[in-house]
2 protein chains.
Amino acid sequence: MFRNLKPVGRILYGRNSFDQLGDILGELRIEQDSFVLFLVDKYFEGKDFLKRIPSHPQDILKMIDTIDEPKTKTVDEIVAEIKGLNKGLPVSVVGIGGGTVMDYAKAIRLMFTNEGSSVQYQGLDFIKNKGVHCTVIPTISGTGAEVSMTTVLTGPVKKLGIKGNFTAADQLVLDPELITTVPEPIRFYTAMDCYIHNIEALNGYRKSVMGDSLGTESLRIFRDIYLGSDSRSPENEEKLMIASYLGGLSLTYSEVGACHAISYGLATVTNIHHGVGNCVVFNQLEEFYPEAVKEFREMMRINNIDIPHGVTAGCTPDEIDQMIDVSLTLIFMWQHVCGPDWEKIITREKLRGLLMKM
Amino acid sequence: MFRNLKPVGRILYGRNSFDQLGDILGELRIEQDSFVLFLVDKYFEGKDFLKRIPSHPQDILKMIDTIDEPKTKTVDEIVAEIKGLNKGLPVSVVGIGGGTVMDYAKAIRLMFTNEGSSVQYQGLDFIKNKGVHCTVIPTISGTGAEVSMTTVLTGPVKKLGIKGNFTAADQLVLDPELITTVPEPIRFYTAMDCYIHNIEALNGYRKSVMGDSLGTESLRIFRDIYLGSDSRSPENEEKLMIASYLGGLSLTYSEVGACHAISYGLATVTNIHHGVGNCVVFNQLEEFYPEAVKEFREMMRINNIDIPHGVTAGCTPDEIDQMIDVSLTLIFMWQHVCGPDWEKIITREKLRGLLMKM
């Protein structure tokens with residue numbers, strides 16, 4: 001059985017296409033009291049960009065703190081808050097920001113129409129009802145959240161995505177102008193999240209021509225950008241946005257691998273941000289991806305990036321065990337990396353050895 | 001202003017995924033008398049494949065002759081015939097075949113909900129109402145019809161696509177098994193339609209990173225298939241299907257060029273099939289695409305393909321003039337090829353010289 005994939009419904013793409021957001025939302029504002037829920041990355045607080053958001057007086061705009069990864073608790077709180085206003089449901093939940101903000105938008109829109117807590121829906125195909133309309137607008141590239149069918153959430157028990165037929169956004173706005181102010185090294189770390197996705201997708205058992213093809217092209221662009229002389233030229237900003245889009249799309253047809261499986265574990269204890277965490281982990285994965293780890297280091301060198309070291313140095317043996325426990329639950333990823341006999345290869349001791357080096 | 005693109009709604013992809021068509025249509029059959037309109041390429045007449053089509057007794061299945069390109073007249077006739085049955089509207093119009101059959105499905109589904117003749121809607125954004133659900137299932141690769149927002153129709157006056165926000169299909173089934181029986185040289189000609197699309201899209205003024213990127217990857221796959229030793233290996237059948245999908249998608253973000261502009265002219269008089277016509281024209285376009293024409297000839301050589309010669313030999317001067325007239329109406333294509341001053345470069349004499357060589 002193949003999944004009948006439902007990609008993002010509509011795509012507005014082009015430099016300064018963000019200026020058309022008002023028109024797009026206007027088509028959805030059919031009642032006089034129709035309102036939009038905007039979620040905006042806190043990074044934009046006090047910045048002129050906020051004035052460009054086409055909000056109406058009845059709309060709700062929430063600044064989203066992105067220090068932590070998206071949490072089921074925050075999803076539930078925001079949904080309860082909006083429901084408590086007795087204004088009805090928003091005509092669109094608009095996420096403007098990085099993976100965290102877009103994943104919040106994608107999760108919150110679902111929880112308006114599915115009862116209970118978002119914790120109940122972590123996993124595959126638990127969502128039964130279509131959510132309200134959702135618009136995602138990336139202001140940083142590499143997360144893939146703009147195109148993916150998954151909204152990754154950290155709950156009280158697990159960090160796991162909500163994934164299903166209703167989870168992709170309805171509207172995507174790809175405006176390369178919006179990502180030009182992203183500071184380094186955040187831009188690099190986030191871009192590498194997608195670069196690593198591609199490497200993982202292309203090196204494993206769960207393959208398809210479509211996934212390989214999208215991943216190959218995404219990788220080609222990454223090499224163009226990060227092995228070249230000016231990764232921040234205007235053309236490269238746009239290329240990075242497209243590489244992220246294609247890389248994110250390729251995952252729909254494939255699977256992530258060793259880096260994400262370990263990085264999810266690392267994040268549960270250290271609270272390290274996803275992009276940074278992936279870089280820290282990937283740097284130690286020569287055993288799995290020898291050529292790519294070399295290339296990744298070359299990209300770091302050219303772009304003067306120095307990743308954190310000693311991330312696990314202060315961790316107790318119990319904490320390391322906890323990381324290993326989480327990593328070993330990600331069976332699909334390990335099967336993709338090592339095949340059906342993955343358990344013989346991915347031992348606790350191997351994971352411990354790798355984690356201790358990070 | 002950028003177009004808010006509406007891609008294909010859902011994608012079922014995988015070897016033998018066609019077997020899930022019954023389930024997909026089942027979700028749409030909500031009333032007891034719900035019926036599906038199947039349009040099937042006449043190539044399958046008498047073949048076992050017909051038994052695999054999940055049709056119910058109340059469905060209508062029409063075999064579509066693909067000797068001619070799709071015509072507005074046939075679209076209007078089929079719509080009138082179905083409406084005359086007073087069964088209501090089909091829950092899906094399913095096109096199973098090549099570009100002709102898929103374009104028929106995409107046009108007919110629109111004409112169920114838009115008054116008058118399809119002739120009135122040839123062009124950009126004339127369609128005002130959403131059509132009925134439409135499913136496209138390619139059984140040959142290279143047309144791009146499975147993914148494009150255009151349904152190309154030949155009317156009494158012009159050959160021109162219907163294009164707009166409601167024109168892409170709702171459901172796509174990409175099953176590489178379905179294209180394994182396509183005979184040569186049809187398969188080659190049709191594949192080259194997409195190869196040429198890519199060359200045209202990548203060499204012109206109307207460019208975008210997204211269009212270039214999808215086109216580049218599509219080209220990479222074509223080279224893999226047709227410059228290699230066995231273009232018909234099972235892996236290459238699947239690759240061809242994906243190359244066609246990505247190439248078709250790239251056109252959404254770009255434009256075709258000199259080959260299509262001339263080939264449309266050539267087809268109005270000679271009735272030559274689109275894929276063959278493109279190959280005949282492209283073979284004479286060294287002036288526009290020098291490297292690619294060389295590569296194209298190499299692909300022909302490796303795959304033992306000999307294209308028709310002397311196609312215009314029997315044409316009268318009036319007929320050649322008619323071809324030139326049609327070609328010169330395709331302003332967007334010529335602007336893409338030569339820029340705003342295209343009229344200085346693309347003279348009647350230049351086109352006449354090229355056409356006489358074909």
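Predicted, not measured: the structure shown is a model, and the values here were computed from it.

Engineer: I tried to follow the environment of Pro-176 of chain A on my own but got confused; where do I start?
Structural biologist: All names here are of chain A. With respect to the helices and strands, the residue Pro-176 is situated in the loop between β10 (171-174) and α4 (186-202). Judged by its relative accessible area of 0%, Pro-176 falls in the buried class. When the C-alpha positions of Pro-176 and Arg-348 are compared, they lie 43 Å apart, and in sequence the two are 172 residues distant. Look past the residues within four positions of Pro-176 in its chain and what remains in contact with it is Gly-14, Arg-15, Glu-237, Glu-238 and Met-241.

Engineer: Which parts of the structure should I look at to understand the sheet that holds strand β6 (residues 123-124) of chain B?
Structural biologist: Backbone hydrogen bonds hold the strands of a sheet together, and the pairing may be parallel or antiparallel. Residues and elements named next belong to chain B. Within the open sheet, the three strands sit side by side as β6-β9-β8. Their pairing is mixed. Strands with a single pairing partner mark the edges of an open sheet, and in this sheet they are β6 and β8 (150-154). The sheet contact formed by β8 and strand β9 (residues 159-163) spans five bridges and is antiparallel. Across the sheet, Thr-150 pairs through a bridge with Lys-163, a residue of β9.

Engineer: Would you take a moment to explain the relation of the copies chain A and chain B for this structure?
Structural biologist: Think of it as a corkscrew move, a rotation about one axis and a shift along it, taking one chain copy to the other. When chain A is fitted to chain B, the residual RMSD is 0.0 Å, and the transformation amounts to a turn of 180 degrees plus an axial shift of 0.0 Å. Those values place the two copies in the arrangement expected of a two-fold rotation axis. Taking C-alpha positions as reference, the residue of chain A nearest the rotation axis is Glu-217 of chain A, located at 2.9 Å. Most of the interface of chain A is mirrored in chain B: 100% of its interface residues are interface residues there too.

Engineer: So what exactly am I meant to see when it comes to the interface of chain A and chain B here?
Structural biologist: Accessible area lost upon the coming together of the parts serves often as the stated size of an interface. Tallying the contact residues gives 38 residues for chain A and 38 residues for chain B. Here chain A meets chain B over a buried area of about 3,100 Å², counting both sides, of which 61% is carbon and sulfur. The tally of links from chain A across to chain B stands at zero salt bridges. For the pair chain A and chain B, the interface holds 14 residue pairs in polar contact (both at pLDDT 80 or more). Taken together, the elements giving at least two residues each to the side of chain A that touches chain B come down to β1 (4-5), β2 (10-13), α1 (21-26), β10, α5 (209-226) and α6 (234-252) of chain A. The dominant element in the side of chain A that touches chain B, judged by the number of residues it contributes, is α5 of chain A, at eight residues. Residues of the side of chain A that touches chain B, tallied by class, amount to 18 nonpolar, eleven polar and nine charged. The pairing of β1 of chain A with strand β2 (residues 10-13) of chain B spans two bridges and is antiparallel. Looking at β2 of chain B, one finds that Leu-5 of chain A is bridged to Ile-11 of chain B.

Engineer: Before we go on, may I ask you to explain unusual backbone geometry in this structure?
Structural biologist: Generally, phi is negative for residues other than glycine and the peptide bonds are trans, each holding for most cases. Residue and element names in this part refer to chain A. Note that the residue after Glu-184, namely Pro-185, is joined by a cis bond; omega there is 0 degrees. With respect to the helices and strands, the residue Pro-185 is situated in the loop between β10 and α4. Positive phi, normally seen in glycine, also occurs at Asn-304, with a value near 55 degrees. Along the chain, Asn-304 falls in the loop between α9 (290-302) and α10 (317-328).

Engineer: In this structure, what is going on with helix α7 (residues 258-270) of chain A? I would like to understand it.
Structural biologist: Given 3.6 residues per helical turn, the α-helix brings residues three or four places apart onto the same face. Residue and element names in this part refer to chain A. Between its first and last C-alpha, α7 extends 18 Å over 13 residues, near the 18 Å set by a 1.5 Å rise per residue. Along α7, ten of the 13 residues are buried, which leaves the element largely enclosed by surrounding structure. Every buried residue of α7 is accounted for by Ala-258, Cys-259, His-260, Ala-261, Ile-262, Ser-263, Tyr-264, Gly-265, Leu-266 and Ala-267. Just beyond α7, the residue with positive phi is Asn-271, at close to 65 degrees.

Engineer: For this particular structure, what's the right way to read the domain arrangement of chain A?
Structural biologist: All names here are of chain A. Per the domain assignment, the segments making up chain A are domain 1 (10-179) and domain 2 (186-356). Centre-to-centre, using C-alpha coordinates, domain 1 lies 25 Å away from domain 2. Contacts between domain 1 and domain 2 engage 24 residues on the former and 23 residues on the latter. With both chains or domains summed, domain 1 and domain 2 bury close to 2,100 Å², and 59% of this area falls on carbon and sulfur atoms. Put simply, domain 1 and domain 2 have one salt bridge between them. Linking Arg-15 and Glu-238 is a salt bridge whose minimum nitrogen-to-oxygen distance equals 3.1 Å. The interface formed by domain 1 and domain 2 includes nine residue pairs in polar contact (both at pLDDT 80 or more). Considered class by class, the residues forming the side of domain 1 that touches domain 2 number twelve nonpolar, six polar and six charged.

Definitions and cut-offs
- Residues numbered from 1 in each chain as written.
- Chains lettered and ligands numbered in written order.
- Predicted model: local features only at pLDDT ≥ 70, side-chain atom pairs only at ≥ 80, totals over all residues.
- Heavy atoms only, no water.
- Helix = DSSP H or I, 4+ residues; strand = E, 2+ residues; numbered from the N terminus.
- Buried < 20%, exposed > 50% of the residue type's maximum accessible area, 1.4 Å probe, protein only.
- Contact = heavy atoms within 4.5 Å.
- Pairing = 2+ DSSP bridges.
- Least-squares fit on C-alpha atoms with pLDDT ≥ 70 in both.
- Buried area = accessible area lost by both parts, 1.4 Å probe.
- Salt bridge = Lys/Arg side-chain N within 4 Å of Asp/Glu carboxyl O.
- Polar contact = N/O pair within 3.5 Å; in protein donor to acceptor, adjacent residues only side chain to side chain.
- Nonpolar A, V, L, I, M, F, W, Y, C, P; charged D, E, K, R; others polar.
- Expected span 1.5 Å × (residues − 1).
- Domains from an automatic or database assignment.

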